[in-house]
Amino acid sequence: MTHAAPLKAKPINPTANTENALEVEHLQIAFGPLQVLKDINLKLKKGENLVVLGRSGSGKSVLIKCLVGLNEPDEGKITLQGKDVSTLKDQDLELARQKIGFLFQGSALYDSMTIRENLEFPLMGKIKLKEQEINALVEEALGNVGLLDAIDKMPSELSGGMRKRIGLARTLISKPEIMFYDEPTTGLDSITSREISHLILEMQKKYNTSSIIITHDLECARITGNRVLILKDGIIAAEGTYEEIKNSKEEWISTYFQE
Amino acid sequence: MENMIKQASVPPSVKKEVSSQAPRSWDRVQSSVSAFFVEMAQIFRFTVKFFKELVRRPYEFGETIRQCYIIGYRTLPLVGITGFIMGLVLTIQSRPTLKEFGAESWLPAMVAISIIREIGPVITAIICAGKIGSSIGAELASMKVTEQIDAMRVSARKPFKYLAVTRIIATTLMIPILVIFSDIISLMGSFIACNLQGEVSFTLFFYHVFEKVNFIDLIPAFIKTIFFGFAIGLISTYKGFNAEKGTEGVGRSANSSVVTASLLVFIIDMIAVQITSLFY
Ligand SMILES: Nc1ncnc2c1ncn2[C@@H]1O[C@H](COP(=O)(O)OP(=O)(O)OP(=O)(O)O)[C@@H](O)[C@H]1O
Ligand SMILES: [Mg+2]
């Protein structure tokens with residue numbers, strides 16, 4: 001296994017790095033004969049934005065689905081806030097899930113509900129909130145993505161980019177401690193993309209959210225990422241800050257940055 | 001034309017394969033038999049999970065009521081119309097035979113007994129398996145393939161509880177009610193058919209009906225409809241949750257929930273008849 005560029009990450013806040021939000025060791029998964037992930041090792045520090053780059057079909061979505069338990073890995077250990085996920089009981093797993101947020105690549109809005117109900121849905125599972133508080137949260141979340149007037153529409157009435165933004169609002173509404181973004185800016189125009197990138201940064205600053213961001217959008221990677229990983233052939237083939245990766249001498253890495 | 005015929009005749013290469021087909025089709029039988037048992041085991045696990053989640057908090061009351069409304073109310077017209085026609089037709093068809101035996105006065109009672117004991121529950125359940133089974137199967141399957149069920153799972157609300165338990169409760173409660181409704185409308189249809197040829201007063205008709213229909217006819221018929229409802233809900237949610245990827249999977253789920261649920265209705269009916277006949 002060739003870990004190509006021995007680039008080192010720059011810690012975002014060296015004093016507060018006692019615990020990692022998420023640790024992954026030797027993660028493997030195969031679908032039939034197709035070994036998608038071979039040996040994934042990564043650490044997500046608290047309050048860090050970690051960008052994962054990789055070509056289409058390289059297994060990025062599979063990777064983060066493994067991390068939240070939507071895909072069952074064949075091998076490997078996942079440690080979430082100091083606890084080994086495989087040893088958690090159902091009840092504790094539910095509790096752990098309340099602290100994470102997941103933006104799906106295809107938005108995954110609930111078709112049979114209005115936008116308001118979509119946003120209320122994750123809140124209902126948690127602590128009891130008053131109706132007024134819920135309304136305020138819903139409006140704030142929609143305001144953040146600039147879609148306040150879509151509140152009473154159905155998902156089928158929205159464009160792809162709008163659905164993506166609603167998906168983002170629905171994920172962020174419960175202020176998760178760990179966020180997984182699967183291509184948050186794909187399919188959006190460059191202005192909206194930039195706004196979304198800044199929203200991700202804002203979440204990080206305001207709530208000290210730790211995030212894994214999967215993207216093809218280099219600008220988003222540059223804006224949001226403290227650290228960048230490249231997923232290739234089932235392993236993390238390169239790691240470093242955006243600048244370090246971009247200026248890498250390795251030829252295969254520079255192909256990711258060609259305009 | 002000649003060309004086509006030539007092509008249709010079996011080329012030698014295919015003939016060779018035919019001889020080796022016997023073991024291969026045996027393999028296929030084996031694998032489909034084992035797939036059948038695997039599926040049975042999965043349905044059993046699904047059922048156990050249902051009862052576990054049924055008693056566990058939090059209860060999704062609001063969604064259960066909403067599903068009862070959707071499943072019950074929206075099926076009402078269909079069940080009503082078919083029930084009416086059933087009663088009407090059955091009465092018109094039975095009259096000549098009974099007339100031959102000079103037993104025309106038995107007509108209301110005979111129609112009522114066949115409707116209440118057998119035809120009403122089974123036909124209504126089959127219609128519900130078609131309408132409700134396909135819509136639940138397709139809805140859940142499309143939620144599955146567009147990752148909506150996964151989205152519920154990561155937002156810490158149990159999709160099994162919110163989607164499956166509520167729907168299974170709703171069908172279990174609503175289908176018996178729909179059957180009773182359909183039975184009543186059927187009897188109305190029968191009354192109208194009786195009136196088409198020769199006058200029968202409303203009271204006389206129902207006097208004849210209740211003279212012969214016992215309480216003992218109603219109870220087993222009612223109990224089996226509860227099982228019909230449970231089976232329809234269970235199968236269609238199971239098929240929806242286990243949909244394959246892609247839009248093709250949605251169609252297949254809807255289709256197989258209807259087929260399996262209808263078949264199960266007949267199987268339950270057969271078992272119910274065996275059991276009730278023990279007591280008579
Ligand atoms: N449930 C599954 N069953 C079988 N194969 C799967 C499944 N999920 C993913 N794969 C395979 O895993 C590989 C990686 O898929 P994945 O969705 O992770 O790609 P990706 O890196 O997210 O690509 P993109 O950038 O296009 O979203 C693909 O080859 C895909 O066919
Ligand atoms: Mg993907």
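For the structure, see preceding data.
About the cut-offs
Residues numbered from 1 in each chain as written. Chains lettered and ligands numbered in written order. Predicted model: local features only at pLDDT ≥ 70, side-chain atom pairs only at ≥ 80, totals over all residues. Heavy atoms only, no water. Helix = DSSP H or I, 4+ residues; strand = E, 2+ residues; numbered from the N terminus. Rg over C-alpha atoms; globule rule 2.2 N^0.38 Å. Buried < 20%, exposed > 50% of the residue type's maximum accessible area, 1.4 Å probe, protein only. Lys, Arg positive; Asp, Glu negative; His and termini not counted. Charge placed at Lys NZ, Arg CZ, Asp CG, Glu CD. Phe/Tyr/Trp six-rings, centres within 6.5 Å; stacked < 30°, edge-to-face > 60°. Lys NZ or Arg CZ within 6 Å of the ring centre and 35° of its normal. Contact = heavy atoms within 4.5 Å. Donors = N, O, S within 2.8 Å, 3.2 Å for Na, K, Ca; no water. Core = buried A, V, L, I, M, F, W, Y, C linked by side-chain atoms within 4.5 Å. Salt bridge = Lys/Arg side-chain N within 4 Å of Asp/Glu carboxyl O. Polar contact = N/O pair within 3.5 Å; in protein donor to acceptor, adjacent residues only side chain to side chain. Nonpolar A, V, L, I, M, F, W, Y, C, P; charged D, E, K, R; others polar. Near = heavy atom within 4 Å. Areas by Shrake-Rupley, 256 points an atom, 1.4 Å probe, with all protein chains shown as cover.

## Side note on the overall build of chain B
Thought 1: When you go through chain B residue by residue, the secondary structure sums to 11 helices and 0 strands.
Thought 2: Computed over the C-alpha atoms, the radius of gyration of chain B is 24 Å, more than 25% above the 19 Å expected from 2.2 N^0.38 for a compact globule of 280 residues.
Thought 3: In terms of overall dimensions, chain B has a C-alpha envelope of 70 × 65 × 40 Å along the principal axes.
Thought 4: Within chain B, the proportion of its 280 residues that are buried is 42%.
Thought 5: Side chains of chain B give 27 positive and 20 negative charges; the mean places of these two sets differ by 8 Å.

## A closer look at the packing of aromatic side chains
Thought 1: As enumerated under the stated definition, the model contains 21 aromatic pairs over all chains in all.
Thought 2: Relative to B:Phe205, the ring of B:Phe191 lies with its centre 5.4 Å away and its plane at 65°, an arrangement referred to as edge-to-face. Residue B:Phe191 is found in helix H8 (residues 159–196), and its partner B:Phe205 is found in helix H9 (residues 202–212); the two are separated by 14 residues along the sequence. B:Phe205 shares its class with B:Phe191; the two are buried.
Thought 3: Positioned above the aromatic ring of A:Tyr110 is the side chain of A:Arg170, whose terminal nitrogen or guanidinium carbon lies 4.4 Å from the ring centre.
Thought 4: Above the plane of the ring of B:Trp106 lies B:Lys212, whose end atom (NZ or CZ) is 4.6 Å from the centre.

## So, the environment of B:Val250
Residues and elements named next belong to chain B.
Thought 1: Looking at the secondary structure, you find Val-250 in helix H11 (residues 247–279).
Thought 2: Residues Val-250 and Glu-139, 111 residues apart in the sequence, show an inter-C-alpha distance of 8.0 Å.
Thought 3: Ignoring sequence-local partners within four residues, the contact set of Val-250 consists of Ala-138, Ala-141, Ser-142 and Val-145.

## Description of the coordination of the magnesium ion (ligand 2)
Residues and elements named next belong to chain A.
Thought 1: Taken together, the protein ligands of the magnesium ion (ligand 2) are Ser-61 (OG) and Gln-105 (OE1), with distances of 1.9 to 2.2 Å. Of this pair, Ser-61 sits in helix H1 (residues 60–67) while Gln-105 sits in the loop between strand S6 (100–103) and helix H3 (115–124), and the two are 44 residues apart along the sequence.
Thought 2: Taking the relative accessible area as the measure of exposure, Ser-61 reaches 19% and is therefore buried.

## What to know about the nonpolar core
Thought 1: Among the nonpolar cores identified, the biggest contains 77 residues, and A:Leu22, A:Leu37, A:Ile40, A:Leu42, A:Phe180 and A:Ile212 are the most heavily contacted of them.
Thought 2: Looking at which element gives the most residues to this core, the answer is H8(B), with 11 residues.
Thought 3: If near-sequence neighbours (up to four positions away) are discounted, A:Phe180 is found in contact with A:Leu22, A:Ile64, A:Leu67, A:Val68, A:Ile100, A:Gly101, A:Phe102, A:Leu103 and A:Ile212.
Thought 4: Residues A:Leu53, A:Leu172, A:Leu188 and A:Ile213 belong to the second largest nonpolar core, which totals 41 residues.

## Here we look at the pattern of salt bridges
Residues and elements named next belong to chain B.
Thought 1: As enumerated under the stated definition, the model contains 23 salt bridges over all chains in all.
Thought 2: Salt-bridge contacts for Lys-158 lead to Glu-53; the nearest nitrogen and oxygen are separated by 3.9 Å. Linking Lys-158 in the loop between helix H7 (148–154) and H8 with Glu-53 in helix H3 (residues 21–55), this pair joins segments that are 105 residues apart in sequence.
Thought 3: Overall, the relative accessible area of 25% leaves Lys-158 in the partly exposed class.
Thought 4: Assessed through its relative accessible area of 8%, Glu-53 is described here as buried.
Thought 5: With a shortest N-O distance of 2.6 Å, Asp-217 and Arg-117 are connected by a salt bridge. Placement of the pair is Asp-217 in helix H10 (residues 215–241) and Arg-117 in helix H6 (residues 107–145), with a sequence separation of 100 residues.

## Remarks on the interface of chain A and chain B
Thought 1: Across the boundary between the two partners, chain A contributes 22 residues, which contact 15 residues of chain B.
Thought 2: Remark: the boundary between chain A and chain B carries 5 residue pairs in polar contact (both at pLDDT 80 or more).
Thought 3: Those elements that provide at least two residues to the side of chain A that touches chain B are helix H2 (90–98), S6 and H3 of chain A.
Thought 4: Here the side of chain A that touches chain B is composed, by residue class, of 12 nonpolar, 5 polar and 5 charged.

## Description of the site of ligand 1
Residues and elements named next belong to chain A.
Thought 1: Not every one of the 14 residues close to ligand 1 is listed here, only the nearest: Ser-56, Gly-57, Lys-60, Ser-61 and Gln-105.
Thought 2: Gly-57 places a polar main-chain atom, nitrogen or oxygen, 2.8 Å from an oxygen atom of ligand 1.
Thought 3: Alone, ligand 1 offers 640 Å² of accessible surface; in the complex the protein occludes 63% of this.
Thought 4: At the level of elements, strand S2 (34–45) and H1 are the ones that each hand at least two residues to the shell around ligand 1.
Thought 5: Among the elements that take part in the shell around ligand 1, H1 stands out by supplying 3 residues, more than any other.
Thought 6: When grouped by side-chain class, the residues that make up the shell around ligand 1 number 4 nonpolar, 7 polar and 3 charged.

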